[in-house]
Amino acid sequence: DLVAIGPMGSSLWFGDRFNQFVGAPPESGFVGASAELLLAIDADRDGVLDLFTAGDGDARFMINDGNGTFAEDARGIESWPADLIGAVRVDYDGDTRDDIIGWGPAGIRVWRNAPVRFTATAPLDIGLDPAEPIRSMVAGDLDGDGDDDLLVSGPGGLRLIRSNLAALGFKALVGGTLASLLSASVAGMFFG
C-alpha cells in the first residue's frame, strides 16, 4: 500500500498482488488532510500498522483495523508543535509500545505510548548542542543490545545516541566509537 502526504492533502492507495494501485474509497475512513510528516506506527498495539500524520499544528492517528478501514483518533496528541520538523518511531522506555520522538529547532520531545493514549514528556536532552540543528534522525537497534538507539545527523556530522533504558534516556557516543560500531553493527540498514 502507499500513502502520499503534502500541503494540499494526503492520499492512500491500496496495492494488490499484481502491483496495481487503486485509490482508497471514501468508506475506508482515511482522512486526506494536509500533512508534513508521516509515521507508520502501531499506535493501538494490535499488531497492525496505523498512520500518524502531522503538520500545520494538527496531528492525527489513522487507526487501521487491518481490513482497509481507518478511524481517526488523536490518542492524546491533539496538536503538533510548529517548531518540530521531524519524528521517528522508537521504543523509548522498553515497554514494547511504539513511542514518538519529534525534533526541531526548540529541541527534542517524546510522546510515550501509554495503555490508552500518548503522553508528552518534558523536552529530552540527549547531549547534543542545542545551537546545532538536527537535519535527520533514524531509530534502530544499532548496537545489538535489543534497545532502540538514535542516529542523528546535523552540521557537525553523524552522532550515535545509545539508549539507556535503566535511566529512560539516551547517551551520546563520541570519538572513534561511532565509526567502529557502525561498520560492525549496521550491515543491512539504510540511512538516507
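Look above for the structure.
Everything in this summary refers to the structure shown in the same document. Positions within a chain are numbered from 1, following the residues in the order the chain's sequence is written. A pLDDT threshold of at least 70 governs which residues receive local features in this predicted model, and a stricter bar of 80 or more applies before side-chain atom pairs are shown or counted, although totals over entire chains, interfaces and linings include all residues. Excluding hydrogens and water, the side-chain figures rest on all heavy atoms present in the structure.

The next subject is the side chain of Thr53. By definition, any uninterrupted DSSP run of H or I lasting at least four residues is a helix, any uninterrupted run of E lasting at least two residues is a strand, and each is numbered from the N terminus. Mapped onto the elements of the fold, Thr53 is located in strand 5 (residues 50-55). Think of it in three bands: residues with accessible area under 20% of the maximum for their type are buried, residues over 50% are exposed, and the middle band is partly exposed, with areas taken using a 1.4 Å probe on protein chains only. With relative accessibility at 7%, the residue Thr53 sits in the buried group.

This part takes up the nonpolar core. Formed by 16 residues in total, the largest nonpolar core has its most connected members in Phe52, Phe61, Ile77, Trp80, Ile100, Trp111 and Phe118. Among residues more than four places away in sequence, those in contact with Phe61 are Ile41, Ala43, Leu51, Phe52, Ala71, Glu72, Asp73, Ala74, Arg75, Ile77, Ile100 and Phe118. Only buried residues count toward a nonpolar core. Its members are Ala, Val, Leu, Ile, Met, Phe, Trp, Tyr and Cys residues joined through side-chain atoms within 4.5 Å. Membership of the second largest hydrophobic core comes to 12 residues, among which are Tyr92, Ile101, Met137 and Leu150. Contact between two residues is taken to exist if any of their heavy atoms lie within 4.5 Å; hydrogens are not considered.

Tracing the chain through its elements places Gly104 in strand 9 (residues 99-104). As for Gly104 and Ala82, which are separated by 22 residues in sequence, their C-alpha atoms are 8.8 Å apart. Those residues in contact with Gly104 that lie beyond four places of it in its chain are Asp83, Leu84 and Ile85.

Below, the discussion takes up the pairing of strand 5. Most of strand 5 is tucked away: six of the six residues are buried. Burial along strand 5 is two-sided: Asp50, Phe52 and Ala54 facing one way and Leu51, Thr53 and Gly55 facing the other are all buried. Here the rule is simple: two strands pair whenever DSSP picks up at least two bridges between them. When strand 4 (residues 37-41) meets strand 5, the two strands line up antiparallel, connected through five bridges. From the neighbouring strand, Leu37 faces strand 5, where its bridge partner is Ala54. Relative to strand 6 (residues 58-64), strand 5 runs antiparallel, the two being bridged by five bridges. The residue of strand 6 that forms the bridge with Thr53 is Arg60. The loop that links strand 5 with its antiparallel partner strand 6 comprises two residues; one of these, Asp56, has a positive phi angle of about 55°.

Note that all results are geometric; they support no functional claim without further evidence.
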